[in-house]
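Descriptive structure summary
Chain by chain, the residues run as shown.
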Amino acid sequence: MSVRVRFAPSPTGSMHIGNVRTAIYNYLFAKAQGGEFIVRIEDTDLVRSGQEFEQNLLLDLKWLGLEIDEGPETPGEYGPYRQSERGDFYSKYAQQLLDHRQAFYCFCSEEEIAQRREERREKGESLHYDGRCRHLSDDEVKRRRDGGEGAVVRFLAPQKDFHLKDVVRGDVAFPDGMIGDFVIMRESGMPVYNFCCVIDDWKMKITHVIRGEDHLPNTVRQLMIYQALEVTPPIFAHASLLVGEDRQKLSKRHGVTSLAAFRDLSFLPQTMINYLVLLGWSHPDERVIMSKDELETIFTLERMHKAPALFDLAKMRWMNGQQLKLLSPEEQLKVVTGWIKADHQFHQEKHQWQMSFLSLFLDKIEMEDDLTDHLDLIFATAPVASSEEQPELEELNALESTGQMRSYLAAELSRLKQQGSEFVPVEAFSGWTSYFKQELKIKGKPLFKGMRLILTGRISGGDLSALVPITPIDVLLARVS
RNA sequence: GCUCCCAUCGUCUAGCCUGGUCUAGGACACCGCCUUUUCACGGCGGUAACAGGGGUUCAAAUCCCCUUGGGAGUACCA
């Protein structure tokens, strides 16, 4: 049977990276197995769900390049793909469970249950639902329902041990009494997660359920339902959690956690996939930089890691640089150009010039914020020097040779500008250097650092002979005067 | 409280299943050196970990037990 996996987010906010990683695992596994990647929207919580969230979710997956085989916008034969539209399935099987006495109507209000739980807590007893409505007679149920009394449907939890064979965790035991009778249908008639999940995974012919470890306790409930329905459960793989600095499950309060936020920070989709997949999975040969295509052939559930993983922005940053270097020059330019504000002078320059800029700085660029400094080096007219550079800078400035070079360069630049040049020809630059050496007898630190100071306003930086020819003459003139 | 899960450098991890080749390997970060008359890249090197205690065994990071620590769940959320 062909592998079918699903990513089943609830549209209640922007997609956070824990979910993104789950999506990636599912997608990669599907690809590696030649199977299907299905997206199912879990929107049974009408209050928290929103249509705009679903749209963003789908857009996020698209941005990542995770192609959906079946989903709300590309339905296959097992739809609908939104739980809010699958009501018939749920009521049908809820009724079946009711008929078979595997579920029952419960008339207890939330307040009553909370109160009874408190009482049991004081007595040190189990906090589960106490089974009060378990054995109401059919007549009583009918009477109370006909009388308009609200009721939920509870699943009657079997009193026995359960056992799960999890691909990443191995054998997991769930002892008898771990959970009480749980709600599968709300008073409003809306089904609840654990129930929908089973019905949908079954009806959508899902073969492997790959999800976060936080769902592990849910799995017993689901196993119970599978058994009651006499359906063979899928294979489960529970991935470790992603945690924040405090080692707790990653959530909004950990700062930057949504995919959108990382995208805004200029992380590439490849980086997201590459970095996230490595947070809980490893390549058999410990390769680190990988493309999505490579991952699609090599990913296996067996190499998933059990312990929770912590985010390391520094490594992710490095990885972004590595992924950037993997692109073709044209693609690199496109990415980098996208990082620069629309009204920046950079966009006015010719393609050839932009490529020169890129090749000069590519090694130093990992993220968007690396760019500012390099752009300033080319375009900023006012010199920027750090405070600790100040003493050396002043010392250099006071040198007689610096003054000589400054007036010479000012004259040269004006001459070039009058000739109509926009940039300094490479030969002109080397001409200046030889002139300073041979005629003015300036050499060593006063020569190189001095020229750098005059032309860039700084005392350290990249190769001047490459930098100067791509700096606009107007900028250089402003710096010299 | 109860149930379940987890535990190798600061971080991500390899190794653990199938004990010896592990004086524990890699990556990020950090620190040196080389190269570069400067920056970066690169190259070379360094600091740094098997949570603790008991077993089993000729031999344990690897198997078992306990302790400790961390996490998750315990909803008419998913």
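Residues numbered from 1 in each chain as written. Chains lettered and ligands numbered in written order. Predicted model: local features only at pLDDT ≥ 70, side-chain atom pairs only at ≥ 80, totals over all residues. Heavy atoms only, no water.

1. Things to note about the protein's contact with RNA strand B
The condition that has to hold: The nearness test applies per residue and asks whether one of its heavy atoms lies within 4 Å of the molecule or strand. Pairs of N or O atoms within 3.5 Å make up the polar contacts considered here, provided that, within protein, one atom can donate a hydrogen while the other can accept it, and that residues adjacent in sequence are counted only when both atoms are side-chain atoms. Helix and strand definitions follow DSSP, with helices as H or I runs of at least four residues and strands as E runs of at least two, each counted in order from the N terminus. Residue polarity follows a fixed list, in which Ala, Val, Leu, Ile, Met, Phe, Trp, Tyr, Cys and Pro are nonpolar, Asp, Glu, Lys and Arg are charged, and the others, Gly among them, are polar.
Taken together, 56 residues lie around RNA strand B, and Thr44, Arg186, Glu286, Phe448 and Gly461 are the ones closest in. Those atoms of RNA strand B that come within 4 Å of the protein belong to sugar or phosphate at a rate of 71%. In this structure, a base nitrogen belonging to RNA strand B sits 2.9 Å away from a side-chain N or O atom of Lys315. Elements with a contribution of two residues or more to the surface near RNA strand B: α4 (110–123), β6 (170–174), α7 (216–229), β11 (309–310), α11 (313–326) and α18 (444–456). It is α7 that provides the largest number of residues to the surface near RNA strand B, a total of four residues. A per-class count over the surface near RNA strand B returns 22 nonpolar, 12 polar and 22 charged.

2. Remarks on the pattern of salt bridges
Formally: For this document, the term salt bridge refers to a Lys or Arg side-chain nitrogen within 4 Å of an Asp or Glu carboxyl oxygen. In this scheme, a residue with accessible area under 20% of its type's maximum is buried, one over 50% is exposed, and one in between is partly exposed, where area comes from a 1.4 Å probe on protein chains only.
Overall, the coordinates contain 28 salt bridges when judged by the stated rule. A salt bridge links Arg4 to Glu70; the nearest nitrogen and oxygen atoms lie 2.9 Å apart. On the criterion of sequence distance, the pair formed by Arg4 in strand β1 (residues 4–7) and Glu70 in the loop between α2 (51–64) and α3 (87–99) is long-range, its members being 66 residues apart. Judged by relative accessible area, Arg4 falls into the buried class, the value being 8%. Classification of Glu70 by relative accessible area gives buried; the value is 8%. One salt bridge in this structure joins Arg40 and Asp200, with 3.6 Å as the shortest N-O distance. One end of the pair, Arg40, is in the loop between β2 (36–39) and α2; the other, Asp200, is in helix α6 (residues 193–203), and 160 residues separate them in sequence. Per residue, the accessibility class of Arg40 equals that of Asp200, and both read buried. Connected via shared salt-bridge partners are Arg6, Arg40, Glu42, Arg86, Asp200 and Asp201.

3. Considerations on the domain arrangement of chain A
Using the following cut-off: Source of the domain bounds: an automatic or database domain assignment.
Taken domain by domain, chain A holds domain 1 (86–239) and domain 2 (390–480). On a C-alpha basis, the centroid separation for the pair domain 1 and domain 2 is 77 Å.

4. Comments concerning the layout of surface pockets
Take a probe with the size of a water molecule and roll it over the atoms, and the empty space left behind shows itself. Test applied: Cavity means a closed set of points on a 1 Å grid over the protein atoms alone, one where a 1.4 Å probe fits but cannot get out, pocket means an open set with protein on both sides within 12 Å along at least 5 of 7 lines, and lining means a residue has an atom within 4 Å of a point. Grid points are joined across faces, edges and corners, and a volume is the space filled by probe spheres set on the points.
The calculated volume of the largest pocket comes to roughly 1400 Å³. Lining the largest pocket are 46 residues; nearest its centre among them are Ser10, Thr12, Asn19, Asp214 and His215. Considering every element that reaches the lining of the largest pocket, the biggest residue donor is helix α1 (residues 17–32), with five residues. Looking at the lining of the largest pocket residue by residue, the class counts come to 15 nonpolar, 20 polar and 11 charged.

5. So, empty space enclosed by the protein
Scanning the entire structure with this criterion turns up one cavity of 30 Å³ or more. Of the pockets and cavities examined, the largest cavity occupies roughly 40 Å³. Here the residues of the lining of the largest cavity sort into eight nonpolar, one polar and two charged.

6. Details of a negative patch on the surface
We apply this condition: Note on patches: the residues involved have over 30% relative accessible area and no salt bridge, like charges join within 9 Å, and the nonpolar side chains Val, Leu, Ile, Met, Phe, Trp and Tyr join within 5 Å. Only the protein chains shown count as cover for residues, and all accessible areas are computed by the Shrake-Rupley method using a 1.4 Å probe. A residue counts as positive if it is Lys or Arg and as negative if it is Asp or Glu; His and the chain ends are not included. Where a charge lies is defined by one atom per residue type, namely NZ (Lys), CZ (Arg), CG (Asp) and CD (Glu).
On the surface, Glu110, Glu111, Glu112 and Glu187 cluster together into a patch of negative charge. Mapped onto the elements of the fold, Glu187 is located in the loop between β7 (182–185) and α6. Since its relative accessible area comes to 58%, Glu187 is described here as exposed.

7. Side note on the environment of Glu122
One can find Glu122 in helix α4. Exposure remark for Glu122: the relative accessible area of 69% places this residue in the exposed category. Taking C-alpha positions, Glu122 is 64 Å from Gln332, a pair spaced 210 residues apart along the chain.

8. Here we look at the side chain of Asn26
Rules: In what follows, a contact means two residues having at least one pair of non-hydrogen atoms within 4.5 Å.
Residue placement: Asn26 occurs in helix α1. Every residue in contact with Asn26, bar those within four places of it in the chain, is listed here: Val5, Arg6, Phe37 and Ile210.

9. Focus on the state of the cysteines
Cut-off, in case you're wondering: To count as a disulfide, a pair of cysteine sulfur atoms needs to be within 2.5 Å.
Under the counting rule described, the total for this entry stands at zero disulfides. Cys106 carries a free sulfur, and the closest cysteine sulfur to it, the one in Cys108, is 3.8 Å from it. A residue is classified by how much of its surface remains accessible, and Cys106, at 1% relative accessible area, is buried. Unpaired in this structure, Cys133 has its nearest cysteine sulfur neighbour in Cys108, at a distance of 3.5 Å.

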